[in-house]
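For reference, the chains in residue letters:
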Amino acid sequence: MIDDSETVGDEHDTEAGRELSWRAKSVGLVAVDVDDAELLHGWRSDPVAAYHFGIWPRSLTATRERIERDSDDDDRDDFLVLLPDSTPIGHIALTCQNIVNGTAQVELMLAGEHRRQGHGTEALDALVDLAFGELPLYRITAETHTDNTPALTILTKAGFTHEGTSRAACLHRGRRHDLAVHSLLRPEWEELDRPRAWDA
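First, a word on what this report is: a plain description of the structure on this page. Keep in mind the model is a prediction, meaning the values are calculated, not measured.

The secondary structure content of the protein amounts to 6 helices and 9 strands. Here the protein holds 200 residues, and the buried ones make up 50% of them. Of the accessible surface of the protein, which amounts to about 10,000 Å², a share of 46% is contributed by carbon and sulfur atoms.

There is a patch of like negative charges on the surface, built from Glu65, Glu68, Asp72, Asp74, Asp75 and Asp77. Here Asp74 is to be found in the loop between α3 (60-71) and β4 (77-82). Accessibility expressed as a relative area gives 73% for Asp74, which makes it exposed.

Here we come to the environment of Lys25. Following the sequence through the fold, Lys25 ends up in the loop between β2 (22-23) and β3 (28-31). Lys25 gets classed as exposed once you look at its relative accessible area, which sits at 67%. Spatially, the C-alpha atoms of Lys25 and Pro84 are 9.1 Å apart, while their sequence positions differ by 59 residues. With near-sequence residues (within four places) excluded, Lys25 lies in contact with Glu122 and Ala200.

Mapped onto the fold, Thr63 is located in helix α3. With near-sequence residues (within four places) excluded, Thr63 lies in contact with Ala37, Leu40, His41 and Arg58.

Turning to the pairing of strand β6 (residues 103-110), a few remarks are in order. Where strand β5 (residues 88-98) meets β6, 7 bridges bridge the pair, whose relative direction is antiparallel. When the sheet's bridge partners are listed, Ala93 is paired in β6 with Glu107. Counting the residues between successive antiparallel strands, the hairpin from β5 to β6 contains 4 residues, one of them, Gly102, with a positive phi of roughly 75°. Sheet analysis places β6 next to strand β7 (residues 139-145), joined by 3 bridges and oriented parallel. Following the sheet pairing, Ala104 is matched in β7 by Ile140.

Look at helix α4 (residues 119-133) against helix α5 (residues 149-157): their axes get within 9 Å of each other, and the N-to-C directions meet at 45°. Considered as vectors, α4 and α5 are oriented oblique to each other. Considering the relative orientation of α4 and α5, their crossing is right-handed. In contact with Gly120, Thr121 and Leu124 of α4, α5 contributes Ile154, Leu155 and Lys157. Across the contact of α4 with α5, the residue classes break down as 3 nonpolar, 2 polar and 1 charged.

It is at 9 Å that the axes of helix α1 (residues 37-44) and α3 come closest, and there the two elements cross at 115°. The hand of the α1/α3 crossing is right-handed. Each of Ala37, Glu38, Leu40, His41 and Arg44 in α1 lies in contact with α3, whose residues at this interface are Leu60, Thr63, Arg64, Arg66 and Ile67. Broken down by class, the residue content of the contact of α1 with α3 amounts to 4 nonpolar, 2 polar and 4 charged.

Cut-offs applied
For every chain, the first residue of its written sequence is number 1, and the numbers climb from 1 along that sequence. Note on the predicted model: pLDDT of at least 70 is required for a residue's local features to be given, and 80 or more for side-chain atom pairs to be given and counted; whole-chain, interface and lining totals, by contrast, use all residues. Excluded from the side-chain calculations are hydrogens and water; all other atoms, namely the structure's heavy atoms, are used. Every helix listed is a DSSP run of H or I at least four residues long, and every strand listed is a run of E at least two residues long, numbered separately from the N terminus. Relative accessibility under 20% of the residue-type maximum defines a buried residue, over 50% an exposed one, and the middle range a partly exposed one, all with a 1.4 Å probe and only protein chains included. Here the Shrake-Rupley method, with its probe set to 1.4 Å, supplies the accessible areas, and only the displayed protein chains count as covering residues. Residues forming no salt bridge and having over 30% relative accessible area are the ones grouped into patches, like charges within 9 Å of each other and nonpolar side chains (Val, Leu, Ile, Met, Phe, Trp, Tyr) within 5 Å. By definition here, a salt bridge exists when the distance from a side-chain nitrogen of Lys or Arg to a carboxyl oxygen of Asp or Glu is within 4 Å. A positive count includes Lys and Arg, and a negative count includes Asp and Glu. His and the chain ends are not counted in either. Where a charge lies is defined by one atom per residue type: Lys uses NZ, Arg uses CZ, Asp uses CG and Glu uses CD. Any two residues whose heavy atoms approach within 4.5 Å at even a single point are treated as in contact. DSSP bridges decide pairing: two strands pair if at least two such bridges lie between them. Lines fitted to C-alpha atoms define the axes here, with helix axes fitted over just the stretch in contact, and angles between the N-to-C directions of these axes take values from 0 to 180 degrees. Angular relationships are summarised with four words: roughly parallel below 35 degrees, roughly antiparallel beyond 145, roughly perpendicular across 65 to 115, and oblique for the angles in between. Two helices that cross are described as forming a left-handed crossing if the nearer one is turned anticlockwise from the farther one by less than a right angle, and a right-handed crossing if clockwise. Following the grouping adopted for this structure description, the nonpolar residues are Ala, Val, Leu, Ile, Met, Phe, Trp, Tyr, Cys and Pro, the charged ones are Asp, Glu, Lys and Arg, and the polar ones are all others, Gly among them.

Right, here's the structure in full:
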């Protein structure tokens, strides 16, 4: 799911010498490590992010265990989104990768003070370029609440098409919420008139 709603989250500096996995114009991506658990736990504990992701509070230990488990999952890749000065500003992931069908899903969550500054679009563009430029994927999907206007704007700017609505697909705090389903296909990505991440 995608979240770019406006709240404040914690941040810390990444350790020196941490190698970027992927670079774009204004952000870089570095693989998530178990030492990032406290940072991700803080972002996921944000009630607004929890609403848009449909998640419930987890302990720091559970977050750390999930990172360890996900690191062994060949069907997903998780990254921290970094500014040029190595400040971590969010988390982005390519999940549910199916190389046979050429499909995957994308998730994005930014710290509140770094939202609405164009970083979400840059991070999503970078991940999409990774998915289509380095992997044999053909279709990427994303879901978010139908009232998450900032996230819907990011998806549109990144070239995603609104396919439809999954009605009452998310339960959060006793209420059912609709999810907007978006997708981007390889031929559509090829036609996007923008620099690729490797040209940054």
